[in-house]
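Chain by chain, the residues run as shown.
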Amino acid sequence: MRLGALEAGGTKMVCAIGNANGEIYERISIPTETPEITVPKMIEYFKEKDIQALGIGCFGPIDLNRKSETYGYITTTPKLAWKNYNIVGAFADALDIPVGFDTDVNGSALGEATWGITKGLDNSIYITIGTGVGMGIISNGKLLHGMLHPEGGHVLLTRHPKDTYGGKCPYHSNCLEGLAAGPAIEARWGKKGIELADKKEVWELEAYYIGQALVDCIMLLSPQRIVLGGGVMHQEHMMPLVREEVRKQLNGYLVTKELEDLDSYIVLPSLNDNQGIMGALKLAVDELAMQ
């Protein structure tokens with residue numbers, strides 16, 4: 001079985017061919033411009049590959065309600081050229097194959113849950129912390145959807161007493177993305193995170209906010225494991241700081257075997273940065289099964 005996978009990002013579109021076992025045969029990267037420029041290039045790529053289904057993990061917000069008139073659309077994205085764009089319809093019409101669809105971070109969560117470090121767990125969370133913050137949630141063995149989809153990057157946090165930065169998010173002054181994503185680091189400290197690697201105070205503040213968000217997730221969703229991805233987590237000293245903040249902020253309230261071993265509970269991704277593409281392959285498999 002040959003399947004297509006698309007990891008649709010604001011900067012680039014990664015198109016790949018693989019199979020139902022998550023094996024990736026080939027991939028290309030196409031710059032994200034307007035739909036009129038970018039989508040025909042992707043359709044041309046997939047048309048030549050003899051695929052049976054396509055899975056798309058897409059930046060959002062997106063409409064995942066199959067009963068909605070705008071199912072398969074990118075909706076209120078700040079990437080204005082893509083606002084209200086029917087991305088599923090464009091590929092379904094051009095390729096005449098089933099098209100699976102979800103958020104990019106849900107795709108990563110699904111990749112890890114199918115083949116990676118959360119395989120075998122019914123409840124897990126995947127959070128990416130980079131240019132923005134996204135959250136994918138596996139609940140009772142399924143990707144969590146509801147009115148829309150999780151927007152965990154915008155959970156509201158208590159500000160650190162010494163933090164005077166106003167926040168980067170145009171909607172909220174104190175959400176996780178606005179306080180802890182890459183652009184917030186640069187705006188607060190005047191340099192990109194990669195230039196601040198030796199500044200202890202930068203990463204202690206980051207860990208304070210990420211740890212607080214994780215505690216909120218633990219209390220609300222009771223995940224069996226949390227995966228932290230994205231560029232901010234590429235700082236090697238971050239994970240111990242985050243785990244310590246979670247321990248501190250939980251303050252002994254919950255006692256479980258998982259929380260007794262935070263090294264195994266809060267972890268990095270395990271699929272060599274392929275989790276998004278592999279998750280898109282799984283979306284294709286699942287969509288084909290539904291048809």
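Rules of the game
- Residues numbered from 1 in each chain as written.
- Predicted model: local features only at pLDDT ≥ 70, side-chain atom pairs only at ≥ 80, totals over all residues.
- Heavy atoms only, no water.
- Helix = DSSP H or I, 4+ residues; strand = E, 2+ residues; numbered from the N terminus.
- Rg over C-alpha atoms; globule rule 2.2 N^0.38 Å.
- Buried < 20%, exposed > 50% of the residue type's maximum accessible area, 1.4 Å probe, protein only.
- Contact = heavy atoms within 4.5 Å.
- Areas by Shrake-Rupley, 256 points an atom, 1.4 Å probe, with all protein chains shown as cover.
- Phe/Tyr/Trp six-rings, centres within 6.5 Å; stacked < 30°, edge-to-face > 60°.
- Lys NZ or Arg CZ within 6 Å of the ring centre and 35° of its normal.
- Core = buried A, V, L, I, M, F, W, Y, C linked by side-chain atoms within 4.5 Å.
- Pairing = 2+ DSSP bridges.
- Axes fitted to C-alpha atoms, helices over the stretch in contact; angles between N-to-C directions.

It is worth spelling out the overall build of the protein chain at this point. The number of helices and strands found in the protein chain is nine helices and twelve strands. For a compact globule of 291 residues, the expected C-alpha radius of gyration is about 19 Å, and the protein chain comes in at 19 Å, within 12% of that figure. For the protein chain, the C-alpha atoms occupy an extent of roughly 55 × 40 × 35 Å along the three principal directions. Every one of the 291 residues in the protein chain was classed for burial, and the buried ones make up 51%. Here the analysis covers contacts within the protein chain between residues at least 6 apart in sequence; of these, 62% occur between residues at least 24 apart. Split by element, the accessible area of the protein chain, about 13900 Å² in all, is 50% carbon and sulfur.

All right, on to the packing of aromatic side chains then. Scanning the entire structure with this criterion turns up six aromatic pairs. Here Y45 and F46 contribute two aromatic rings whose centre-to-centre distance is 5.2 Å and whose plane-to-plane angle is 70 degrees, an arrangement assigned as edge-to-face. A single burial state applies to Y45 and to F46, both of which are buried. Here W82 and Y85 contribute two aromatic rings whose centre-to-centre distance is 5.4 Å and whose plane-to-plane angle is 85 degrees, an arrangement assigned as edge-to-face. Across this residue pair, the class does not change: W82 and Y85 are buried. An aromatic cluster of at least three residues, connected via ring pairs, comprises Y45, F46 and F91. The residue whose ring lies beneath K79 is F59, and the NZ or CZ to ring-centre distance is 4.8 Å.

Looking at soluble globular proteins, one finds that nonpolar side chains tend to be buried together. Counting 38 residues, the largest nonpolar core has I127, I210, L214, L228 and V242 as the members making the most contacts within it. Where this core is concerned, the elements lending two or more residues are β8 (124-129), β9 (133-139), α4 (176-180), α6 (200-221), β11 (225-229), α7 (238-250) and α8 (262-265). Sort the elements by how many residues they give to this core and α6 lands first, with twelve residues. When residues no more than four places from it in sequence are discounted, the contact partners of L214 are I127, I226, L228, V242, V246 and I266.

Here the bond from G60 into P61 is cis, since omega is 0 degrees, no more than 30 degrees from zero. With a phi angle near 55 degrees, D96 is a residue other than glycine that sits in the positive phi range. Within the secondary structure, D96 sits in the loop between α2 (87-95) and β7 (99-103). The backbone phi angle of S222 is positive, close to 50 degrees, even though this residue is not glycine. Following the sequence through the fold, S222 ends up in the loop between α6 and β11. When its relative accessible area of 53% is taken as the criterion, S222 is described as exposed.

Our next topic: the sheet that holds β8. Here five strands make up an open sheet; going across it, the order is β10-β9-β8-β11-β12 and the pairing mixed. Every interior strand has two partners, whereas the edge strands, β10 (142-143) and β12 (266-267), have only one. Two strands pair when backbone bridges link them, and β11 and β12 are joined in this way by two bridges, in the parallel orientation. In the strand pairing of β12, V227 is matched with V267. Set on the sheet, helix α3 (residues 104-115) makes contact with β8, β9 and β10; between it and β9 the angle comes to about 45 degrees.

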